[in-house]
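One-letter residues, chain by chain:
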Amino acid sequence: MSSPSHPEEPALPGYRAVFRVREFRAVFAAHLLSLLGVVVAEISLTVLVYGLTGSPLLSALTFALGFLPYLAGGTLLASVADRHPARRVLVVCDLVCGACALLMALPGTPVAALLVLRCALAAVAPVFTGTRAAALTDILGEGELYVLGRSVLRIVSQSAMFAGFGAGGLLLAVVSPRRAICLTVLTFLCSALLLRFGTRARPARAAAPGAARATADSLAAARLLLSDRRVRLLMLLFWIPALFVVAPEALAAPYADALGAGPGAVGLMMSAMAVGHVGSELYAGSRLGPRARDRIVLPLAALGVLPLTGYLLLPGLGWALFLLVVSGMSAAYLIGLDRWFVDAVPEELRGRAMTLMTAGLMTAQGVGMALAGLAAEFWPVHHVVAGSGAVGTLCCLVLVGRARRHGVGPGAPAQTEVRDGADRHVTSR
């Protein structure tokens, strides 16, 4: 395993360099297609369930089910990312998603089955994302190109927040929800073909020389990773800010209603944070060097949700959008944190680590949305968002303080080892 050594990097390659790698171009194109499939499936399925039931609760539950199964899929299925060749895992995940979408599109599929299929899509997602993240180290290496490659994929995902749903809405204006879901079948199949024929076959990580039998157990691997204080703190640096930053997005509709703004304001509020995120990460990836990215990780992680406290003053739409954009800009810390994380995890556990981290991240966002909605039943929306900013800042400051005390950062050696007895089945965390 290599540790970061910034002085040995003679030049910053820039985002264009990752697109010179043929395999990455295939991964990027597949990412665009699968992302399009997921976005169209989410909005189409939500509209379809509401049309079949007339129930706002079931319609909202359809969307929420995109988050909740991540935890189960990420912990119970994480070993798949390392036990099998990455290309095979990615292709099978796309085919499973395509099959689920095809069943959703069938005219006779009942609502209960639609919700189960939505859960299946969400359970597969962390395995796919974690496997792909680990595979990028094989395609781009563990240095600057890996960091920029991860950044590109994350920027595209964020861009879907303000482009994908709009495109899905336009699509549903001309075709039925089931016909729109049929399009997602095609996108998943095309993604599978790109990954199958555009990337090289590589052996499974768990089968590499010296890999212990413990790496075959997903729950044992999760326990092993979380028992390492450095890896645990790095995961929390991904998860804790995400838990609090989603409050204004979850409450965008009631806040716009409180301001007397129209439905268009809801779309602006839900996309404002993504705009800040994309802009800041593009700047960090193209203009900052590795040392500068390392320096901003902990400060931005600590203070990223602080702008949300401005909601206490019940800002108008313009000021609310400004606060959301500023808060979204703090996500630039992720580009440096990615580097720290991949350097902290042994190669034979990397797929599981990425899968577990992704599952925890999505679960944190789902829990944060649910808690914000629950709190808004008892307190004004602007108080809930401001409180989320205040409590979140306090938690992030404590977390960053612990990270500083324990030397979390660039250049620290990986400490996670596969220990004797780690293959015992774990029933609790």
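The rules behind these values
Residues numbered from 1 in each chain as written. Predicted model: local features only at pLDDT ≥ 70, side-chain atom pairs only at ≥ 80, totals over all residues. Heavy atoms only, no water. Helix = DSSP H or I, 4+ residues; strand = E, 2+ residues; numbered from the N terminus. Buried < 20%, exposed > 50% of the residue type's maximum accessible area, 1.4 Å probe, protein only. Contact = heavy atoms within 4.5 Å. Areas by Shrake-Rupley, 256 points an atom, 1.4 Å probe, with all protein chains shown as cover. Salt bridge = Lys/Arg side-chain N within 4 Å of Asp/Glu carboxyl O. pLDDT = per-residue confidence, 0-100. Core = buried A, V, L, I, M, F, W, Y, C linked by side-chain atoms within 4.5 Å. Axes fitted to C-alpha atoms, helices over the stretch in contact; angles between N-to-C directions. Parallel < 35°, antiparallel > 145°, perpendicular 65-115°, else oblique. Left-handed = near helix turned anticlockwise from the far one by under 90°. Nonpolar A, V, L, I, M, F, W, Y, C, P; charged D, E, K, R; others polar. Patch = residues over 30% accessible without salt bridge, like charges linked within 9 Å, V, L, I, M, F, W, Y side chains within 5 Å. Lys, Arg positive; Asp, Glu negative; His and termini not counted. Charge placed at Lys NZ, Arg CZ, Asp CG, Glu CD. Polar contact = N/O pair within 3.5 Å; in protein donor to acceptor, adjacent residues only side chain to side chain. Expected span 1.5 Å × (residues − 1). Bend = angle between axes of the 7 residues up to and from the residue. Phe/Tyr/Trp six-rings, centres within 6.5 Å; stacked < 30°, edge-to-face > 60°. Lys NZ or Arg CZ within 6 Å of the ring centre and 35° of its normal.

J.: Would you mind going over the overall build of the protein with me for this structure?
T.: For the protein, the count of helices and strands is 19 helices and zero strands. A burial count over the protein gives 55% of its 429 residues as buried. Put simply, of all contacts in the protein between residues at least 6 apart along the chain, 87% involve residues at least 24 apart. Surface accessibility of the protein: about 18,300 Å² in total, with carbon and sulfur atoms responsible for 67%.

J.: Hey, could you run me through the pattern of salt bridges in this one?
T.: Side-chain pairing between opposite charges can occur once the charged atoms of the two side chains come close. One pass over the structure, following the stated rule, counts six salt bridges. Two residues, E281 and R154, come together in a salt bridge whose shortest N-O distance is 2.7 Å. Of this pair, E281 sits in helix α14 (residues 263-287) while R154 is found in helix α8 (residues 144-172), placing the two residues 127 residues apart along the sequence. In this structure, E281 and R154 share a single accessibility class: buried. R339 is paired through a salt bridge with D343; the nearest N and O atoms lie 3.5 Å apart. Of the two residues, R339 and D343 are both situated in helix α17 (residues 333-344); the distance of four residues between them amounts to about one turn of the helix.

J.: Even after reading the chapter, I still don't get the environment of L399, so can you show me in this structure?
T.: By the element assignment, L399 lies in helix α19 (residues 381-405). The buried category is assigned to L399, whose relative accessible area is 7%. Between the alpha carbons of L399 and A301 there is a distance of 9.1 Å; along the sequence they are 98 residues apart. Leaving out residues up to four positions away in the same chain, L399 has contacts with L233, L236, L237 and I240.

J.: Before we go on, may I ask you to explain the confidence of the model for the protein in this structure?
T.: Any region with low pLDDT has predicted coordinates that should not be read closely. Of all residues in the protein, 80% have pLDDT values of 70 or greater, and the mean over the chain is 81. Least confident of the elements in the protein is helix α3 (residues 56-64), whose mean pLDDT is 62; most confident is α19, at 96. Note that pLDDT drops below 50 for residues 208-216; the model gives that stretch 20 contacts with residues more than four away or on any other chain. Scored below 50 in pLDDT, residues 414-429 makes 41 contacts in the model with residues more than four places away or belonging to other chains.

J.: What is the right way to look at the nonpolar core in this model?
T.: Soluble globular proteins tend to pack their nonpolar side chains together in the buried interior. Core analysis: the largest hydrophobic core is formed by 83 residues, its most contacted members being F24, L234, M235, L237, L337 and F341. Per-element accounting of this core gives the leading share, 11 residues, to helix α7 (residues 111-140). Those residues in contact with L237, other than ones at most four positions away along the chain, are L298, A301, Y333, L337, L399 and V400.

J.: What should I look at first to understand the packing of helix α2 (residues 22-53) against helix α9 (residues 177-198) in this one?
T.: Helices that pack against each other are described as a pair by the angle of their axes relative to one another and the distance between those axes. Between α2 and α9, the shortest axis-to-axis distance is 8 Å and the interhelical angle comes to 160°. It follows from the interaxial angle that α2 and α9 lie roughly antiparallel. Seen from above, α2 lies across α9 with left-handed handedness. In terms of residue class, the contact of α2 with α9 is built from 21 nonpolar, seven polar and three charged.

J.: I'm lost on a positive patch on the surface in this one. Help?
T.: Judged by side-chain charge, R229, R232, R402 and R405 come together as a positively charged surface patch. Contributions of two or more residues to the positive patch are made by α11 (229-245) and α19. R232 gets classed as partly exposed once you look at its relative accessible area, which sits at 30%.

J.: Would you mind going over the side chain of T131 with me for this structure?
T.: You can see T131 is positioned in helix α7. On the accessibility criterion, T131 (0% relative accessible area) is buried. A polar contact is formed between the side chain of T131 and the backbone oxygen of V127, at a distance of 2.7 Å.

J.: Teacher, can you tell me more about helix α15 (residues 290-303) here?
T.: Helical periodicity: at 3.6 residues per turn, an α-helix aligns residues three or four positions apart in one direction. Its 14 residues place the ends of α15 21 Å apart at the C-alpha level, agreeing with the 20 Å of an ideal helix rising 1.5 Å per residue. Along its length, α15 reaches its greatest deviation from straightness, about 30°, at V297, and the proline P299 lies no more than four positions downstream. Among all positions in α15, only P290, A292, R293, D294, V297, L298, A301 and A302 are buried.

J.: Honestly, the environment of L236 in this entry has me stumped. Any pointers?
T.: Tracing the backbone through its elements, the reader meets L236 in helix α11. In this structure L236 comes out as partly exposed when scored by relative accessible area, which is 26%. The spacing of L236 and L361 is 125 residues in sequence and 8.9 Å in space, taken between C-alpha atoms. The residues touching L236, leaving out its near neighbours within four places in the chain, are P241 and L399.

J.: Explain the side chain of T199 here, please?
T.: With respect to the helices and strands, the residue T199 is situated in the loop between α9 and α10 (218-227). For T199, a relative accessible area of 10% translates into the label buried. Within the structure, T199 has its side chain in polar contact with the backbone oxygen of L195 (distance 2.5 Å). Here T199 is in contact with E23, A26, V27, R87 and L194, once residues within four sequence places are set aside.

J.: I tried to follow the environment of L90 on my own but got confused; where do I start?
T.: Relative to the assigned elements, L90 resides in helix α6 (residues 86-105). In this structure, the C-alpha to C-alpha distance between L90 and T129, residues 39 residues apart in sequence, is 8.6 Å. Leaving out residues up to four positions away in the same chain, L90 has contacts with F128, T131, R132 and L195.

J.: I'm lost on the packing of aromatic side chains in this one. Help?
T.: Geometrically, a pair of aromatic rings is defined through the distance of the ring centres and the angle of the planes. What the rule picks out here adds up to seven aromatic pairs. Residues W319 and F322 carry aromatic rings whose centres are separated by 5.7 Å and whose planes lie at 90° to one another, so their mutual orientation is edge-to-face. With W319 and F322 both in helix α16 (residues 317-329) and three residues apart, the pair spans about one turn of that helix. Judged by relative accessible area, which is 46%, F322 ranks as partly exposed. Through successive ring pairs, a cluster of aromatic residues spans F19, F24 and F28. Over the ring of F197 we find R196; its NZ or CZ atom is 5.0 Å from the centre of that ring.

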